[in-house]
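Coordinate analysis (summary)
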Amino acid sequence: MIIPIFVTTIFKSMLLSILAGLFVAVGLIFIGKFIKNKWAAVSLTALPLGLFIYFLNYIPQIASGEIIYQKISWIPSFGVDLSFQLDGLSLLFSLMITGVGTLVFAYTSAYLKGHEYLDRFYAYLSMFMAAMLGLVLSDNLISLFVFWELTSISSFYLIGFNNTSEASRKSALTALGITGIGGLFLLAGALLLGSITDSYSIAEMLQNKDFLLQHEFYILAVIFIFGAAFTKSAQFPFHFWLPGAMKAPTPVSTYLHSATMVKAGIYLLLRFSPILGSTEFWNTTLILVGAVTMLYSAFHLLFRTDLKGILAYSTIAALGILVFLIGLGTQEAIIAALVFIVVHALYKASLFLITGIIDHETGTRDITKLAGLRKVLMPVAIAGFIAALISGGVPPSIGFVGKDLIYEATLGMPTNAILLTVIAIVTNILLFYAGFVAGVKPFTGKLPETYEKVHLPSWLMWFPPLLMVSAGMVFGIFPQLLESAFVGPATSSLVNDSEGFHLKLWHGFNTILGLSAITLVVGLLLYFILKPTHRLENFINKLEVISPKSILFFLTNGFEDFSKGWTNFFQNGYLRHYIATIVGFLVVALAFIIFSNFDLSLDVSSFSELTTYEIAIAIMMIGAVIFTVFTNSRLAAVASMGVVGFAFCLLFLFYSAPDLAMTQFSVDTLTVILFVLVLYRLPKYLHLSKNVLRLEHGILSLAFGSLITILVLKVLQEDQNSEITNFYAENSYLLAKGKNVVNVILVDFRGVDTLVEISVLIVAALGVFSLLKLRLKTRDKK
Amino acid sequence: MKTIILRTASDFLLPVLLLFSLFILLRGHYLPGGGFIGGLVAAIAFVLDAFANGLKNTKTLLKIHPGFLMPVGLSLAFVSAVTPLFFDLPLMTGLWASEPIPVIGNLGSALFFDTGVYLVVIGASLTIIFTISEAA
């Protein structure tokens, strides 16, 4: 038996950890209505929590340098397998996905309490988590692509969750469009890399690294991978979908658009940097794109007044820093990137959750209106303050360690060290500002009267951010914890020699400490001097006309108009027009093929002689056709077409194809009946179509008929390959115990075809049924 | 079209045609015929009856909506297609009973498959025709 073996393989594998989310998503369709109850919703948190613990268990194994590899054959003939690899990098991401997932699941149960579509929301979240885990665990590029697309799709559903709002729907579509283009890039890259190295396994590509770097298509492959990573991770000029994605409920922004999904591009770059990295092209492009992205969005956040907008732009800036660091490519830079991924997830997710609480309780995210909330939301204020410290890189938080590593990486570059460091410092100053605006500003100052009645929400909402920022502090004081469990193993899977490097909080007095001090002081000054106002926001909105977003929308609108015109021209709603278009196209195509190498020589002597029957049938058919064309009654036209059909049946019979004849006979009968049923109720021909149109259609029909005749005659000319016919004739009784070859082909040799055909038949019947019945019902209502 | 001749004739024709369609279905493996043609013949039998006696009478005669035959037939065909998988054989492998059965002859999974096709064809064509004639 096949099934038990299959089942046991699944249970042993990581596949189950991925499928778990999908199972829950499907299960929610059936049990969804029961989770409206709050505690039932909280119990769903068991899914990410269980997976988090499952992955925690792997830490000792992975830390000791082991790599867990599992493979299930999927489509072996194409080299596509479900192969999963758990190494340091995958583990780091898996823990982030499930860890943040746990907190977001818990948070959602309170944030969307009693929401009509809470079950849907959880289903999308579970689906997303499954896809994201699949993405970071896949070793096969094709399966990685499948999961990559699945994250885009679940993100689409989640951004458009408030589907009654037009802005939400539009943002969802933009995000899907941009990340979808990236997905196509990834597929192209996967196919190209697969054809170069003859394998879709990332581990095997690493073995062929030297060959890949020399290959003529290396640059193209890198461009494809970049295209995928830059769109997913919102790099300039594709960044604009991310601020739009903030239309999603806050848990989604936290989870997808800050902590995990947007890091998928970073993951891809990290995964491929040992394979494709360390070339001039790779490094320069990444540094350039990363630097532009981080500066552009860091400056942009100065002009925002919406808390989520500020956080969105600071997320883009952080993603820019990560791309920039991967571009630097040195060991220090990679370590800095890995630490920063964790740091960013911790503080940014917390800030988003805090923003969600503020929005939930006060009903606004406008930073110019919010102040003094510490009096009513104390635990949230504490979490916000610590998050701002981590974000700003204030010691002893983990943010400080992360920022130091970035400066160390830029200072360590052999060329342009000063320029790179300045870029990093400027971005960090602005991120410091963003963290304080989002985490501190709403809680300080005098509480406006309108917010005096605000009360603290359920602990399920304020505890998750507090937990995350506490972890940020603990990691900062004991960086060894972070290093041995997460960053160390991840580094060793990316860099050959990671020995001799340790995370430290205190490096002594040196240049880097000085730079950190500058960052803190300037950042703090900026925070106190610059107050976000609507005037600044309006100013930047005027420049929106030349932004990549507007240019892209201009292009897509143009394309839409063009498609509309194109469609209206070819599909104008008249059946005769459709048929004329189809036949016309066929005529042109057939004529091109037939006349491009025309050598028709007929050997008339090989034809069998005409019999009286055949002549009689031919006359009958011609007569019926002429009658059809010139009659003034629809029913008569249909009936005479039926005559043509029955004449064909006779021809089939004369040439000993009784099966065909019988089928043709029954089908023709039914067709005529159908026509009669429909036409019976219509009035008589009121007026014929115009003569010009009739002439046009007549010429088209004659051309089509003659071309088909030529085609059939040409087929006679070809050598007939009788191998297949002989195979069926010889084997139908031996293999399938049938003497009627036609039927044996239908039910045995090509049985799957038949199965699909009858399914199509059912779809057609259901289509007719639902179309007409629905129409009947609406008519009944009137 | 309620002529006495057609009505009387159709009362006799319906059972005969149905029997004939079954006959075509069963002989299909050795002689011209099969589930597809059989299904069409059966459908024509019912349509003829509907013409003679009116759609309502045919529907009462059928008892169930013809649409229900579609899932039944499809499941039958599908089950007979996947059954070989449980015997470790490729999809759609023909399975045959070792001893011939009286009247029917050699019994094989192909017959079940063909019966599925037969039911789907009846169900689909009758659904289409009945729906259209009700709507028109």
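Residues numbered from 1 in each chain as written. Chains lettered and ligands numbered in written order. Predicted model: local features only at pLDDT ≥ 70, side-chain atom pairs only at ≥ 80, totals over all residues.

- Chain B carries the name Na(+)/H(+) antiporter subunit B in an unreviewed UniProt entry, which gives Psychroflexus planctonicus as its organism.
- What UniProt states about chain B under its Sequence similarities (unreviewed entry) heading is, verbatim, "Belongs to the CPA3 antiporters (TC 2.A.63) subunit B family."
- In UniProt, chain B has this text filed under Subcellular location (unreviewed entry): "Cell membrane". (UniProt positions renumbered as here; feature names shortened; annotations may be inferred.)

1. Brief notes about the overall build of chain B
- Counting its secondary structure elements, chain B contains 5 helices and 0 strands.
- Scanning chain B from its N terminus toward the C terminus, one meets helices and strands in the order α-α-α-α-α.
- With 136 residues in all, chain B has 43% of them scored as buried.
- Within chain B, contacts between residues at least 6 apart in sequence are counted, and of these 67% link residues at least 24 apart. (Helix = DSSP H or I, 4+ residues; strand = E, 2+ residues; numbered from the N terminus. Buried ≥ 20, exposed ≤ 12 C-beta atoms within 10 Å, placed from the backbone. Contact = placed C-beta atoms within 7 Å.)

2. What about the interface of chain B and chain A?
- Each partner contributes residues to the interface: chain B has 42 residues there, and chain A has 40 residues.
- Within the residue set of the side of chain B that touches chain A, elements represented by two or more residues are helix 2 (35–53), helix 4 (69–86) and helix 5 (109–135) of chain B.
- When residues of the side of chain B that touches chain A are assigned to their parent elements, the largest contribution, 15 residues, is made by helix 5 of chain B.
- Grouping the amino acids of the side of chain B that touches chain A by side-chain chemistry returns 29 nonpolar, 11 polar and 2 charged. (Nonpolar A, V, L, I, M, F, W, Y, C, P; charged D, E, K, R; others polar.)

3. Notes on the UniProt feature "transmembrane region" (unreviewed entry) in chain B
Residues and elements named next belong to chain B.
- With numbering matched to this structure, UniProt assigns "transmembrane region" (unreviewed entry) to residues 12–30, 36–55, 67–87 and 107–132.
- This span, residues 12–30, is 84% helix and 0% strand, and a straight line between its end C-alpha atoms measures 28 Å.
- Helix makes up 86% of residues 67–87 and strand 0%, and the two end C-alpha atoms of the span are 32 Å apart.

4. Section: the nonpolar core
All names here are of chain A.
- Residues Ile225, Leu322, Leu325, Ala336, Ala337, Val339 and Phe340 are the most contacted members of the largest nonpolar core, which totals 195 residues.
- Counting residues per element, this core draws most heavily on helix 18 (residues 331–362), at 21 residues.
- Those residues in contact with alanine 336, other than ones at most four positions away along the chain, are Leu325, Leu405, Ile406 and Ala409. (Core = buried A, V, L, I, M, F, W, Y, C linked by C-beta atoms within 7 Å.)

5. A few points about the environment of A:Ala434
All names here are of chain A.
- Relative to the helices and strands, alanine 434 resides in helix 21 (residues 417–439).
- According to the C-beta neighbour criterion, alanine 434 is buried, with 29 such atoms within 10 Å.
- Once the C-alpha coordinates of alanine 434 and tyrosine 313 are considered, the two residues, 121 residues apart in sequence, prove to be 9.0 Å apart.

6. Considerations on the packing of helix 15 (residues 263–276) of chain A against helix 17 (residues 307–328) of chain A
Residue and element names in this part refer to chain A.
- Where helix 15 contacts helix 17, the axes come no closer than 10 Å and their chain directions differ by 5°. In terms of their interaxial angle, helix 15 and helix 17 are classed as roughly parallel. Residues Ile266, Leu269, Leu270 and Ser273 of helix 15 lie in contact with helix 17, whose contacting residues are Leu319, Leu322, Val323 and Ile326.
- Residue composition of the contact of helix 15 with helix 17, by class: 7 nonpolar, 1 polar and no charged. (Axes fitted to C-alpha atoms, helices over the stretch in contact; angles between N-to-C directions. Parallel < 35°, antiparallel > 145°, perpendicular 65-115°, else oblique.)

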